[in-house]
Amino acid sequence: MDENQTIDNDRILKINIEEEMKSSYIDYSMSVIVARALPDVRDGFKPVHRRILYGMLGIGNTSDKPYKKCARVVGEVLGKYHPHGDSSVYGALVRMGQDWNMRYTLVDGQGNFGSIDGDSPAAMRYTECRLSKMGEHIMDDLEKDTVDMTNNFDDTLVEPSVMPTKIPNLLVNGGNGIAVGMATNMPTHNLGEVIDGCCAYIDNPDITLDGLMQHIKAPDFPTGAYIYGIQGVRQAYETGRGRIVMRAKAEIESGENHDKIVITEIPYGVNKQALIEYIAELVKEGKIDGISNANDESGRQGMRIVIDVKHDANANVILNKLFKMTALQSSFSVNCIALVKGRPRLLSLKDCVKYFVEHRHDVTIRRTKYDLKKAQERAHILEGLIIACDNIDEVVHIIRASKTPTDAQRNLEQRFELDELQSKAIVDMRLSQLTGLRMDQLHAEYEELERQIAYLQQILDDPELCKKVMKDELNEVKEKYGDVRRTEIKYSSEEFNPEDFYPNDPVVITVSHMGYIKRTPLSEFREQARGGVGAKAARHREQDFTEFIYPATMHQTMLFFTKKGRCYWLKCYEIPEGDRNSKGRAIQNMLNIESDDAINAILRLKGLNDEQFNNSHYVIFATKNGTVKKTSLEAYSRPRANGVIAINIVEGDEVVDVRLTNGENELIMANRNGRAVRFNESTIRTMGRTATGVRGMRLDGGDDEVIGMITVNDASTETVMVVSEQGYGKRSLVEDYRVTNRGGKGVKTLAVTDKTGRLVSIKNVTDENDLMIINKSGVVIRLALAEVRVMGRATQGVRLINLTKKNDVIASVCKVMSSELEATVEEESRTQWANKAEEIRKDTQRNADDFENEASLTDEDETNEDQ
């Protein structure tokens, strides 16, 4: 027992488990990296691809022969070169024959080789294959000792360690692989472009990345589509790592009832069927609205995915949402790692080209040496044959006199100073070569060999000639297999523009007195005749009402100015949408406004990126106490989350209106007591963003205050519209207000009485405008200003809206373009409201005329008022 235990102990080796695990894992990882997962930078192949092509060549499975079963090829490769799973070999074989994965296929497949929909290929016993012509070119000159041959796994056969390819396969067909601790992901490229880049590098090894990119502009994927933005491509080419944005090729086809989005090319690596299913899932979950159906109509003519857009949806917006939310826009993460002299390295574009060109140089030199050696050997033999032919009688005599062929060789060597090879060739020579014709052919062949030997030697001696040979061979490949680029390059930003997801439709921005904001499509408001009772507008909390109404478009930028003199920014599409009856969202939840502050004025701008526009326009403030301030728009062109100080407000004052001007506008300010002052903005000097301003209008005292300010753009076409709190209003000519200096008390703009109430709004309008009026009870009316005639400046005006509730007053007034209404209001609603408006107009016309007559003043009274 003790003896057996001693024997067992002698067989046990104590090993540190940490060292053993470290050593074993390093060996395993290096095996995976070098012998399985990463391609060689010279030919772009992993060992399995190299062995498949070499095995197919070995069994004569070339492009000019009939197809062979894939199982035959897989068995050949497994048995001789690649002792791994058959599925890995068949998978690699199939991929080399898939034209949606390979830019240039190396295997010509017959049968079910899978599809871009993600379908699996048929079993290898059903499919057939053979080398494609380009696959054969990968192995050109393999028999001329152009590459090193290594033993196979059992040392019974040899296989090439690398292919002598004329095709820069690593760049052209790309590849991917996951090793241990590293991975590679290479995009495909256009053969012609890559060869042009290689030739440019041969001519100038110091070529820059920009120089290479003149030829190799970007990857060229087999599925086409677009490369969206070049910055990621440049980064990948420069560092070996980068993100290339790919976008599907899609067009919008207009139909009678609805539009269609037709997709003809999708990004590389995207599963078409999975893409369509995901789009349908997004529609089902309500994440994308406006799509009624998605069909795959692909066929022999090519890919065609048709997405039906609902008749009331915007196809451009839906397409941009699809780009954002689906694989119609994808990214290819380049990670260019390949084996360089057996070691993994991260490679730039220039590195890839450099190592391929160096490989081609080695192959060219080795092939030339091989051809030179063979030519010299043949020439040496021919020299002996020519000597024999020139002395044929003596040669025949020597051979006949010799007892054995060996004696004959030895005697010939001694007589003509030949070597063993030459004497053997003479002894083996047939009698037919003694004819005159064959002797002439020997001399011609020898002369041709002399020229060939000189040329081959020149290639070895002259580097420039060697470069020319390399370029000629590359250009020959380009002429045979080069094609046009499939993937188009869009030199634009990779980032999504948020405006792409929203149509630039007209909307109405409403802000309530208690700070609730929303945007509503303009089409929800119907036009009514003057004197109408209006339609129910927003539902508000008790004691709240709509205070501001602003027409805008979805892409415009809104500048919000608070009564305390701060400025905030919002895009219109960032404002929550609500119907006409919704109350909106608290603006405090969107802007960092202080609790005791409130929005008092809003400007709408197309954008803030036009520096010339910003420097040539100004923001003019009007405050409740009559102060005005002028500041360049450029000071408000840099949005900040917490807002900025827009104007310094003294205690007891607040901002009531803000206008955008061009530096040459005239301004009209009005107060609650019905007076207005007109002056040129040039009388206000430009001040800084935090300045207080100067006096613009002198008030009457008491509770009088400024209620608004307008800019005069065209005095010949515009009129001044004023509205009182009891629903009265009128239009007057701008010229009725004479230009004075700022700081005056102004002239009468409306005869304020108990019937009219005090002034609440002043607007500059034309016949093409509509007016939207909202009172504190929430009722809204929209009327065409063409129905309100122009009258004297100091008249009382006409009734614009009937206030049905006691103590109700006008809260806010806004002008919009009537042409916008024409494009959005349905015909039936228009007819219904027009008929109702006609009845109201008949009842109110007489009263309106009476109000005009009663409120008219004599010229003498008007003159006294001006003084």
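Residues numbered from 1 in each chain as written. Predicted model: local features only at pLDDT ≥ 70, side-chain atom pairs only at ≥ 80, totals over all residues. Heavy atoms only, no water.

A.B. asks: Please explain the overall build of the chain as it appears in this structure.
C.D. replies: Secondary structure assignment for the chain yields 22 helices and 41 strands. Expressed as a percentage of its 867 residues, the buried residues of the chain come to 50%. Summing over all exposed atoms, the chain offers an accessible surface of approximately 41,800 Å²; the carbon and sulfur share of this is 45%. (Helix = DSSP H or I, 4+ residues; strand = E, 2+ residues; numbered from the N terminus. Buried < 20%, exposed > 50% of the residue type's maximum accessible area, 1.4 Å probe, protein only. Areas by Shrake-Rupley, 256 points an atom, 1.4 Å probe, with all protein chains shown as cover.)

A.B. asks: Honestly, the nonpolar core in this entry has me stumped. Any pointers?
C.D. replies: A general feature of soluble globular proteins is that nonpolar side chains tend to end up buried together. I52, L53, L93 and L191 are the most contacted members of the largest nonpolar core, which has 104 residues in total. The biggest single contributor to this core is helix α13 (residues 349-390), with 16 residues. Split by domain, this core shows at least three residues from each of two domains, domain 1 (31-165) and domain 3 (364-482). L191 has contacts with Y104, M134, I167, P168, V172, V477, Y481 and G482, leaving out every residue within four places of it along the chain. A248, I276, I279 and M303 belong to the second-largest nonpolar core, a separate cluster that totals 23 residues. (Core = buried A, V, L, I, M, F, W, Y, C linked by side-chain atoms within 4.5 Å. Domains from an automatic or database assignment. Contact = heavy atoms within 4.5 Å.)

A.B. asks: What exactly am I supposed to notice about the packing of α13 against helix α16 (residues 420-428) here?
C.D. replies: Two packed helices can be described by the angle between their axes and the distance between those axes. Two numbers describe how α13 lies on α16: the axes approach to 8 Å, and their chain directions differ by 50°. If you check the angle between α13 and α16, you find them oblique. Relative to α16, the crossing made by α13 is right-handed. Every residue of α16 that contacts α13 at H380, I381, E383, G384, L385 and A388 is listed here: L421, Q422, A425 and I426. Looking at side-chain class alone, the contact of α13 with α16 contains six nonpolar, three polar and one charged residues. (Axes fitted to C-alpha atoms, helices over the stretch in contact; angles between N-to-C directions. Parallel < 35°, antiparallel > 145°, perpendicular 65-115°, else oblique. Left-handed = near helix turned anticlockwise from the far one by under 90°. Nonpolar A, V, L, I, M, F, W, Y, C, P; charged D, E, K, R; others polar.)

A.B. asks: Even after reading the chapter, I still don't get the side chain of H359, so can you show me in this structure?
C.D. replies: Turning to its location among the elements, H359 is positioned in helix α13. Using a relative accessible area of 5% as the deciding quantity, one classes H359 as buried.

A.B. asks: What am I meant to see in the packing of helix α14 (residues 392-401) against helix α15 (residues 405-416) here?
C.D. replies: Contact geometry of α14 with α15 gives a least axis separation of 9 Å together with a crossing angle of 140°. Considering the angle they form, α14 stands oblique to α15. Like other packed secondary-structure pairs, α14 and α15 cross with a definite hand, here right-handed. Of α15, the residues touching α14 (which contributes E394, V395, I398 and I399) are A408, N411, L412, R415 and F416. When its residues are assigned to classes, the contact of α14 with α15 shows six nonpolar, one polar and two charged.

A.B. asks: Quick question: what am I supposed to make of the sheet that holds strand β29 (residues 655-661) here?
C.D. replies: Adjacent strands of a sheet pair through backbone hydrogen bonds, lying either parallel or antiparallel. Taken together, four strands build an open sheet; the order of strands is β29-β26-β27-β32 and the sheet is antiparallel. Looking at the sheet topology across the chains shown, the edges are occupied by β29 and β32 (694-695). For strand β27 (residues 627-632) and β32, the ladder comprises two bridges, and the chain directions are antiparallel. Within β32, the position partnered with V628 by the bridge is V694. (Pairing = 2+ DSSP bridges.)

A.B. asks: In this structure, what is going on with the packing of aromatic side chains? I would like to understand it.
C.D. replies: Geometrically, a pair of aromatic rings is defined through the distance of the ring centres and the angle of the planes. According to the stated counting rule, one finds eight aromatic pairs in the structure shown. Feature note: the residues F221, Y268 and F332 constitute an aromatic cluster, connected by ring pairs. Over the aromatic face of Y228 sits the side chain of R247, whose NZ or CZ is 3.9 Å from the ring centroid. A cation sits over an aromatic face here: R793 above Y737, 5.9 Å from the ring centre. (Phe/Tyr/Trp six-rings, centres within 6.5 Å; stacked < 30°, edge-to-face > 60°. Lys NZ or Arg CZ within 6 Å of the ring centre and 35° of its normal.)

A.B. asks: What should I look at first to understand the sheet that holds strand β30 (residues 666-671) in this one?
C.D. replies: On the basis of which strands lie adjacent, the open sheet formed by four strands has the order β33-β30-β31-β36 and antiparallel pairing. Unpaired on one side and paired on the other, β33 (706-712) and β36 (747-748) mark the two borders of the sheet. The pairing of strand β31 (residues 675-680) with β36 spans two bridges and is antiparallel. Residue pairing for β36: A676 is matched across the bridge by V747.

A.B. asks: Explanation requested: the pattern of salt bridges in the structure shown.
C.D. replies: One side chain can pair with another of opposite charge once the charged atoms of both are near each other. Within this structure, the stated rule accounts for 45 salt bridges. For E725, the salt bridge goes to R672, with nearest N and O atoms at 3.6 Å. With E725 in the loop between β34 (719-724) and β35 (728-733) and R672 in the loop between β30 and β31, this residue pair connects regions lying 53 residues apart in the sequence. Taken as a pair, E725 and R672 share a single burial class, namely buried. For D767, the salt bridge is made with R731, and the minimal N-O distance between the two is 2.8 Å. Here the residue D767 occupies a position in the loop between β37 (759-765) and β38 (769-775), and R731 occupies one in strand β35, the gap between them amounting to 36 residues. One continuous salt-bridge network, built from bridges that share partners, spans D141, R360, R367 and E473. (Salt bridge = Lys/Arg side-chain N within 4 Å of Asp/Glu carboxyl O.)

A.B. asks: Could you clarify how one ought to interpret the confidence of the model for the chain in this entry?
C.D. replies: Regions with low pLDDT carry predicted coordinates that are not meant to be interpreted in detail. The predicted model of the chain averages 84 in pLDDT, with 88% of residues at 70 or higher. The least confident element of the chain is helix α22 (residues 859-866), whose mean pLDDT is 33; the most confident is strand β3 (residues 128-131), at 97. A low-confidence stretch, residues 819-867 stays under pLDDT 50, and its non-local contacts, those more than four residues away or across chains, total 54 contacts. (pLDDT = per-residue confidence, 0-100.)

A.B. asks: Help me understand the pairing of strand β23 (residues 566-571), please; the structure alone is not making it clear to me.
C.D. replies: Where burial is concerned, most of β23 is hidden: five out of the six residues are buried. Strand direction decides the pairing type here: strand β22 (residues 557-562) and β23, joined by five bridges, are antiparallel. From the neighbouring strand, T557 faces β23, where its bridge partner is K571. Where β22 folds back on β23, the antiparallel hairpin that results is connected by three residues, among which G565 adopts a positive phi of roughly 90°. As judged from the two bridges shared by β23 and strand β28 (residues 644-645), these two strands associate in the antiparallel manner. Across the sheet, the residue bridging to R566 is I645, located in β28.

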